[in-house]
Amino acid sequence: MPDKEQGSGRILLVDDEAAILRTFRYCLEDAGYEVAGANSAAQAEALLQQQVFDLCFLDLRLGDDSGLDVLPRMRLQAPWMRVVIITAHSAIDTAVDAIQAGAVGYLVKPCSPQQLRMTAAKQLEVRQLTTRLELLEGEMTRSQANLQSHNPALMQVLETARQVADTDANILILGESGTGKGELSRAIHGWSKRAKKNRVTINCPSLTAELMESELFGHARGAFTGASESTQGRISQADGGSLFLDEIGDFPLPLQPKLLRFIQDKEYERVGDPVTRQANVRIIAATNANLDSMVREGRFREDLLYRLKVITLTLPPLRERSEDILPLAEGFLAYFVKEYARPARAFSPAACSTLQHYNWPGNIRELRNMVERACIVCSDSHIEPGHFGLGEAQGDAPLKVGAALSLEALEKAHIAALLASSATLDEAALTLGIDVSTLYRKRKQYNL
């Protein structure tokens, strides 16, 4: 009968005794773990360069090497990896020294299979909990880091955002795609007196009018085909907190009167339910569209716009924040190096020049994607311009309309930039004005 719980995690065993290495390996593999073995310090360090491990069992005696000498190098190569020292009874004092040097525990040889498995399970559980915590903290830290700036225009926007955050005024955030509108909305909610309540997001372009109404207000059971259960809707979920309407310019025109009524009166009805409900919700909306032009064209209600833009915050594009480009890139690099356990630690001077001179049509989102790609493909300590995937035509300067370039080079660079800044192929194809199949062929043609 199989074990009730199978292990999950990658383990590195380092011991110069073949019999112990083989026994430990079989024991841990039977428990469901992925295991690799090394019989020397050099072999262990080579494996750490090739693979990511969650846990290491390290023998204190490795032939001519000492585990105490190997441990600091492991900590540098894989700071996230938990290391358990394997020692004999006579070397327990040395094992304590190893713990002071960064090991998380020790096992005394000979140990039973049960002891080995229990130690592995405990340490991997701690590793998983630590990873989850780091992810949560990392999301918060990155969001805050993206909103730290030395740019006067953005600093003024952030100062205004802090001043109005603790009011209930509706806020409209304007800016190009990828400038950080969602992160600013999250920060405003966090700075407000509503921070302990929910911040709920609706992505307006992703829903039809019918689905949007149900998603926003909720629906009663049987209100339409497939409505087998009643739903409360995003407004109800956000009661007492904030509702973030992302890309409000795409909010369905037929549904705009109902949104306007809710903003004015804080009242609404679920689809298929005549009961009028109330909710105390602060509206934060964002868009990269020109809503004034949409009002003139009859595609957006003027009265709704006035209700949304009690406070308007406009985020400058990244190309106008040259002083922030390298700090942002370095922050992203530090995150992805840890996330993917890659060797890159810095940008070369040429890479810094490329980052500073590129035009960033996709703004911070494109910068993040580009640094992520460079971190993954770079096998050295320094990222070079070629790792960004901009193509030879980019060089150290941005491509510009009217430059001495072929149409093919210009098209390739434009498509590459849009792909980097778009969430989906559909979104990129819509911006380019072509269908998805055409974009797919062009991606293949340009090897993007």
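Our structure's up above, just so we're on the same page.
## Some words on empty space enclosed by the protein
One water molecule sets the probe size; rolling that probe over the atoms shows where empty space is left. Counted under the stated rule, the structure contains one cavity of 30 Å³ or more. Forming the boundary of the largest cavity are L13, V14, D15, F24, F57 and I86. By residue class, the composition of the lining of the largest cavity is five nonpolar, no polar and one charged.

## Thoughts on the nonpolar core
With 30 residues, the main nonpolar core has I235, L243, L245, I248 and F300 as its most contacted residues. Broken down by secondary-structure element, the contributors of at least two residues to this core are β9 (199-203), α8 (209-217), β10 (242-246), α10 (256-265), β13 (282-287), α11 (291-296) and α12 (302-308). The element best represented in this core is α10, accounting for four residues. By size, the runner-up hydrophobic cluster in this structure holds 28 residues, among which are L333, C375, F388 and A417.

## Here we look at the pattern of salt bridges
Inspection of the entire model under this criterion finds 20 salt bridges. A salt bridge links E45 to R73; its shortest N-O distance comes to 2.5 Å. One end of the pair, E45, is in helix α2 (residues 41-50); the other, R73, is in helix α3 (residues 67-77), with 28 residues separating them in the sequence. Ionic pairing is found between R194 and D168, a salt bridge with its closest N-O pair at 3.1 Å. Of this pair, R194 sits in the loop between α7 (181-191) and β9 while D168 is found in the loop between α6 (152-165) and β8 (171-174), placing the two residues 26 residues apart along the sequence. For D168, a relative accessible area of 41% corresponds to the partly exposed category.

## Some details on the environment of F53
With respect to the secondary-structure elements, F53 resides in the loop between α2 and β3 (55-59). With 29 residues separating them in the primary sequence, F53 and R82 have C-alpha atoms 8.7 Å apart. Apart from residues lying up to four places away in sequence, F53 is in contact with R10, I11, L12, A36, L47, L48, W80 and M81.

## Brief notes about the side chain of H189
In this structure, H189 sits in helix α7. On the accessibility criterion, H189 (6% relative accessible area) is buried. In this structure H189 touches R194, A195, K197, N198, R199, G241 and S242, once residues within four positions along its chain are discounted.

About the thresholds
- Residues numbered from 1 in each chain as written.
- Predicted model: local features only at pLDDT ≥ 70, side-chain atom pairs only at ≥ 80, totals over all residues.
- Heavy atoms only, no water.
- 1 Å grid on protein atoms, 1.4 Å probe; cavity = no way out; pocket = protein on both sides within 12 Å on 5 of 7 lines; lining within 4 Å.
- Points joined across faces, edges and corners; volume = space filled by probe spheres on them.
- Nonpolar A, V, L, I, M, F, W, Y, C, P; charged D, E, K, R; others polar.
- Core = buried A, V, L, I, M, F, W, Y, C linked by side-chain atoms within 4.5 Å.
- Buried < 20%, exposed > 50% of the residue type's maximum accessible area, 1.4 Å probe, protein only.
- Helix = DSSP H or I, 4+ residues; strand = E, 2+ residues; numbered from the N terminus.
- Salt bridge = Lys/Arg side-chain N within 4 Å of Asp/Glu carboxyl O.
- Contact = heavy atoms within 4.5 Å.

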